[in-house]
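Below, each chain spelled out in residue letters.
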Amino acid sequence: LIISKMVLTTKGRTVVFNHTNRSRLSKNHFRPLYLSPKVLLDSLVVFEDSAKKLHYSQPVKMLRIECINQMTELLTGLLSRLFYIKTGIYDREIVGFYVKVAVWKAIFRFIKPRSVRLYVWYGKEAVIVAARSCKIEVADVQHGIMYTSHPFYNLIASKSRSNSAYLLPDFCLVYGEYWRQTLIKSGWEPSQVRVLGYSLDTNASDQDIIEKPYVLYSSQPHTNQIILKHIASILVECQRRGCLIVIALHPMESGEAYAKILTTDVRLGKSDSYDLLRNCLVHVSVSSTLLWESMLFEKSSYILDTGLEETGFLTDLLNYKFGRLLIDGEYPEPFLLPTTPPKEYFFSDKFNQNDYEICTKLDN
């Protein structure tokens, strides 16, 4: 099926590797988080990395890569075994890398994309090598929060090594000038980093609205115990003020960790996280990306004080005063967000479709 779709695919399009599991929840369907209505889809070919069925805002040429992954696994197993028989060495990872490169080179030579765009470049190094060998420009599109100590975006330690750029994308396309400066400080060349603008789908969905005012906690698997402790410390004050506590779960959480604290006043959010953030009084978390994105909804965010805030991820959020620290027993009072720098410095609303599709043509 995927071969027949590739045969019918118009050549010369931009190929986008979407991060399928990051999606927006509506009552009757899932919407892609990254391929929002801001992105013009008619000139793209989208490779989805899971079988999740998504509802796109526009018609799109979409291909699923499960069968490609299955084929590479079968070839890897066979060739690894043959290599072992011949040499006595078994290294499935190295064999698998070269198999993936060969498969994607064949695909790119067949569909002849003008460029390749990756959401989450790391883990897709074989795709990068295949595209570069075909003289196709590759760019990473920002998918979350970057910081100078990020293990996959900090290049300072590796730049002194020969051929260190072999597995890297040609460009990084970021939300705003702040993230561009962050990557430059992390060792990327200024010419490699461009402001694309913020294009994620943050539009309101058709989820249920919570009628009472509420404090929103965004949770992650490694932070629920910290959040539980803080909720317990302010629950009486929340009840006195007549507001609820709502917990937005991470996609990897079931909610079991919060089972004992749930009451009519403490609830798990049933709506999408962006909708919960849009309608809350104030937002609290430990390390969620929503701490940064809350400024898009003009909501004040508090970071639960664990002593780990200065590791890079949240340092500037505190320095720019878009976030504040919160200790146990302290109620998170909403505060006015700063106006300098403007939120456009972090999340530009001037989305650049041209850079999304191609930054510069590489020489043949």
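Residues numbered from 1 in each chain as written. Predicted model: local features only at pLDDT ≥ 70, side-chain atom pairs only at ≥ 80, totals over all residues. Heavy atoms only, no water.

Caption draft 1: Quick peek at the pairing of strand β7 (residues 137-141). Taking burial as the measure, the 5 residues of β7 include 5 buried ones, the bulk of the element. Sheet topology places strand β6 (residues 115-119) next to β7; 5 bridges connect them, and they run parallel. Counted as the bridge partner of Val116 is Val138 from β7. As a crossover connection, the stretch from β6 through helix α4 (residues 125-133) into β7 is right-handed. (Buried < 20%, exposed > 50% of the residue type's maximum accessible area, 1.4 Å probe, protein only. Helix = DSSP H or I, 4+ residues; strand = E, 2+ residues; numbered from the N terminus. Pairing = 2+ DSSP bridges. Right-handed = clockwise from strand over helix to strand, strands pointing away.)

Caption draft 2: Structural context of the pairing of strand β4 (residues 44-48). Most of β4 sits out of view: 5 of its 5 residues are buried. When strand β1 (residues 14-17) meets β4, the two strands line up parallel, connected through 4 bridges. Of the residues in β4, the one forming a bridge with Thr14 is Leu44. With 4 bridges joining them, β4 and strand β5 (residues 61-64) adopt parallel strand pairing. The residue of β5 that forms the bridge with Val46 is Met62.

Caption draft 3: Main features of the side chain of Ser115. Relative to the assigned elements, Ser115 resides in strand β6. The buried category is assigned to Ser115, whose relative accessible area is 0%. Apart from the residues lying within four places of it in its own chain, the contact partners of Ser115 are Arg13, Thr14, Val15, Ile136, Glu137, Glu357 and Ile358. (Contact = heavy atoms within 4.5 Å.)

Caption draft 4: Structural context of the sheet that holds β1. The 7 strands lie next to each other as β5-β4-β1-β6-β7-β8-β9, forming an open sheet whose pairing is parallel. A strand with exactly one partner marks an edge of an open sheet, and here the two such strands are β5 and β9 (193-195). Across the sheet, the axes of successive neighbouring strands diverge by a mean angle of 25 degrees, strand direction being ignored. Bridge analysis of β1 against β6 gives 4 bridges, and the strand direction is parallel. Directly across from Phe17, in β6, lies its bridge partner Leu118. Packed onto the sheet, α4 meets β1, β6 and β7 and runs at close to 170 degrees relative to β6. (Axes fitted to C-alpha atoms, helices over the stretch in contact; angles between N-to-C directions.)

Caption draft 5: Representation of the side chain of Ser271 within the structure. By the secondary structure assignment, Ser271 is in the loop between β12 (266-268) and α7 (273-279). Note on Ser271: relative accessible area 13%, which makes it buried. The residues touching Ser271, leaving out its near neighbours within four places in the chain, are Gln207, Asp208 and Leu276.

Caption draft 6: Just the layout of surface pockets, in detail. In this structure, the largest pocket occupies an estimated 1300 Å³ of space. Looking at the largest pocket, it is lined by 43 residues, and the ones nearest its centre are Arg22, Leu33, His250, Pro251 and Thr289. Residues of the lining of the largest pocket, tallied by class, amount to 19 nonpolar, 18 polar and 6 charged. Around the second largest pocket, the lining comprises 16 residues; the ones closest to its centre are Asn69, Lys100, Gly123, Lys124 and Val127. Within the residue set of the lining of the second largest pocket, elements represented by two or more residues are α2 (66-87), α3 (92-111) and α4. Tallied by class, the residues present in the lining of the second largest pocket amount to 8 nonpolar, 4 polar and 4 charged. (1 Å grid on protein atoms, 1.4 Å probe; cavity = no way out; pocket = protein on both sides within 12 Å on 5 of 7 lines; lining within 4 Å. Points joined across faces, edges and corners; volume = space filled by probe spheres on them. Nonpolar A, V, L, I, M, F, W, Y, C, P; charged D, E, K, R; others polar.)

Caption draft 7: Main features of the packing of aromatic side chains. One pass over the full model with this rule turns up 30 aromatic pairs. Ring centres of Tyr198 and Phe347 lie 5.1 Å apart, and the angle between their planes is 75 degrees; this geometry places the pair in the edge-to-face category. Of this pair, Tyr198 sits in the loop between β9 and β10 (214-218) while Phe347 sits in the loop between β15 (323-326) and α10 (353-357), and the two are 149 residues apart along the sequence. Of the two residues examined, Tyr198 and Phe347, each falls in the buried class. (Phe/Tyr/Trp six-rings, centres within 6.5 Å; stacked < 30°, edge-to-face > 60°.)

Caption draft 8: Spatial organisation of the pattern of salt bridges. This model, assessed by the stated rule, comprises 16 salt bridges. Asp201 is the partner of Arg24 in a salt bridge, and the nearest nitrogen-oxygen pair spans 3.8 Å. In this pair, Arg24 is assigned in strand β2 (residues 23-25) and Asp201 in the loop between β9 and β10, connecting sequence segments 177 residues apart. When its relative accessible area of 1% is taken as the criterion, Arg24 is described as buried. Across the pair Arg278 and Asp275 runs a salt bridge whose closest N-O atoms are separated by 2.7 Å. Note that Arg278 and Asp275 are positioned in helix α7 at a spacing of 3 residues, about one turn of the helix. (Salt bridge = Lys/Arg side-chain N within 4 Å of Asp/Glu carboxyl O.)

Caption draft 9: Structural view of the packing of α2 against α3. Interaxial distance between α2 and α3 falls to 9 Å at its minimum, and their mutual angle equals 135 degrees. The angle between the axes of α2 and α3 places the two elements in the oblique class. α2 and α3 meet at a crossing whose hand is right-handed. Facing α2, whose interface residues are Ile68, Met71, Thr72, Glu73, Leu75, Thr76, Gly77, Leu79 and Ser80, α3 presents Arg92, Val95, Gly96, Val99, Lys100, Val103, Trp104 and Ile107. Among the residues making up the contact of α2 with α3, the classes are represented as 9 nonpolar, 5 polar and 3 charged. (Parallel < 35°, antiparallel > 145°, perpendicular 65-115°, else oblique. Left-handed = near helix turned anticlockwise from the far one by under 90°.)

Caption draft 10: Region of interest: a nonpolar patch on the surface. On the surface, a nonpolar cluster with roughly 770 Å² of combined accessible area is contributed by Met71, Leu75, Leu78, Leu79, Leu82, Tyr84, Ile85 and Tyr90. For Tyr84, a relative accessible area of 37% puts it in the partly exposed group. (Patch = residues over 30% accessible without salt bridge, like charges linked within 9 Å, V, L, I, M, F, W, Y side chains within 5 Å. Areas by Shrake-Rupley, 256 points an atom, 1.4 Å probe, with all protein chains shown as cover.)

Caption draft 11: How the structure looks around the sheet that holds strand β14 (residues 301-304). The strand order β12-β11-β10-β13-β14-β15 describes an open sheet built from 6 strands, whose pairing is parallel. Strand pairing shows two members of the sheet lacking a second neighbour, β12 and β15, which therefore form its edges. Shown here is a sheet whose adjacent strand axes are inclined to one another by a mean of 30 degrees, direction ignored. Pairing of β14 with β15 involves 4 bridges; the strand directions are parallel. Bridge assignment links Leu304 to a residue of β15, and that residue is Leu326.

Functional significance is not addressed by these values, which are geometric in nature.
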